[in-house]
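Structure assessment
Here is what each chain is made of, one letter per residue.
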Amino acid sequence: MMAARLPVDLFDDGPRDVPLGPGAVLLGGFALPLGEALLAAVADVAARAPFRHMVTPGGWRMSVAMTNCGAAGWVTDRSGYRYDPRDPETGRPWPALPRAFADLAARAAAAAGFPSFAADACLVNRYAPGNRLSLHQDRNERDFAHPIVSVSLGLPATFLWGGERRADRPRRVPLRHGDVVVWGGASRLAFHGVDTLRAGTDARTGDVRYNLTLRRAL
Ligand code: MD6
Ligand code: FE
């Protein structure tokens, strides 16, 4: 059964659900009731698996700081991109996937038409002003039949929603604290990125944006 959706705030018209493409939808404010719990869990994860700036196979240090939780974490270094059951920085397994992350991912996926999604991994991105994520596809997961659930927390950002080809001109989609994007199906391999984060102050996160991408990686 679907829980009632809370309006974003008193001066808003409530949830903004925006179809992005086949199998892809922005669920406006879907994570809003959980925002503080999610941020507490992020702090907990980061205490055990610190945010770090990974290096791409091409040798570039990423401006976005990242960490992971769950059975496997997405990592990149000079040898390539992969999911690793251990944090290369600590040598230990990644922190467990918080229950609140897994529950939210299942509910959001179901709301978007993907019943029975069970995430086993979460990449946590932290953006400071000036940071951006260039257009890419998420293709290190084992089975593209599973969708990805993406949660925005803190400062607003502009999501770049591209097409099947890198050269397709991306659509600009505003993402705010509490927004959830679910995508899978025919859109699963769409190119996407995040435009340069603008400076600002968020009452909950200060001067950063966090993004959780919940996946079935294994
Ligand atoms: C971000 N998100 O919003 C970056 N990837 O900070 C992603 O790269 C992403 O939001 C796959 C699925 C959903 C996403
Ligand atoms: Fe991505």
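What counts as what
Residues numbered from 1 in each chain as written. Chains lettered and ligands numbered in written order. Predicted model: local features only at pLDDT ≥ 70, side-chain atom pairs only at ≥ 80, totals over all residues. Heavy atoms only, no water. Donors = N, O, S within 2.8 Å, 3.2 Å for Na, K, Ca; no water. Helix = DSSP H or I, 4+ residues; strand = E, 2+ residues; numbered from the N terminus. Buried < 20%, exposed > 50% of the residue type's maximum accessible area, 1.4 Å probe, protein only. Core = buried A, V, L, I, M, F, W, Y, C linked by side-chain atoms within 4.5 Å. Contact = heavy atoms within 4.5 Å. Pairing = 2+ DSSP bridges. Axes fitted to C-alpha atoms, helices over the stretch in contact; angles between N-to-C directions. Near = heavy atom within 4 Å. Polar contact = N/O pair within 3.5 Å; in protein donor to acceptor, adjacent residues only side chain to side chain. Areas by Shrake-Rupley, 256 points an atom, 1.4 Å probe, with all protein chains shown as cover. Parallel < 35°, antiparallel > 145°, perpendicular 65-115°, else oblique. Nonpolar A, V, L, I, M, F, W, Y, C, P; charged D, E, K, R; others polar.

Take the coordination of the iron ion (ligand 2) next. Ideal geometry at a metal centre gives angles of 109.5 degrees when four donors are arranged tetrahedrally and 90 or 180 degrees when six donors are arranged octahedrally. Distances from the iron ion (ligand 2) to its protein donors, His136 (NE2), Asp138 (OD) and His192 (NE2), fall within 2.1 to 2.2 Å. The sequence pattern formed by the donor residues of the iron ion (ligand 2) is H-x1-D-x53-H. Residue Asp138 is located in the loop between strand E7 (133-136) and strand E8 (148-154), and its partner His192 is located in strand E12 (residues 192-194); the two are separated by 54 residues in the primary sequence. A relative accessible area of 9% places Asp138 in the buried class.

Generally speaking, nonpolar side chains in soluble globular proteins are found buried as a group. The biggest cluster of nonpolar side chains holds 32 residues, and the ones touching the most others in it are Phe101, Val149, Val151, Val180, Val182, Leu212 and Leu214. For this core, the secondary structure elements donating two or more residues are strand E2 (24-27), helix H1 (35-48), strand E3 (65-70), helix H2 (99-111), strand E6 (121-127), E8, strand E11 (180-183) and strand E13 (209-215). In terms of residue count, H1 provides more of this core than any other element does, 6 residues in total. Contact partners of Val180, with chain neighbours within four places excluded, come to Val25, Leu26, Leu27, Phe30, Ala31, Ala108, Val149, Ser150 and Val151.

The next thing to look at is the sheet that holds strand E9 (residues 157-161). The strand order across the open sheet formed by 4 strands is E7-E12-E9-E10, and the pairing between neighbours is antiparallel. Each of the sheet's edge strands pairs with one partner strand only, and the pair in question is E7 and strand E10 (171-175). Each strand of the sheet is rotated relative to its neighbour by a mean of 20°, with strand direction disregarded.

The residue Ser116 is not glycine, and still its phi comes out positive at about 60°. Mapped onto the elements, Ser116 comes out in the loop between H2 and E6.

Right, let's talk about the site of ligand 1 for a bit. Inspection of the region around ligand 1 gives 14 residues, with Tyr127, Asp138, Ser150, His192 and Arg209 positioned closest. Here a nitrogen atom of ligand 1 sits 3.0 Å away from a polar atom, N or O, in the side chain of Asp138. Between Arg209 and ligand 1, the recorded distance is 2.8 Å, taken from a side-chain N or O atom to an oxygen atom. For ligand 1, the protein covers 99% of the area, taking 340 Å² as the surface of the free molecule.

With that out of the way, let us pick up the packing of H1 against H2. At their nearest, the axes of H1 and H2 sit 9 Å apart, and the two run at 130° to each other. Relative to H2, the element H1 is oriented oblique. Touching Leu38, Ala41 and Val42 of H1 are Ala100, Phe101 and Leu104, all from H2. When the residues that make up the contact of H1 with H2 are grouped by side-chain class, the tally is 6 nonpolar, no polar and no charged.

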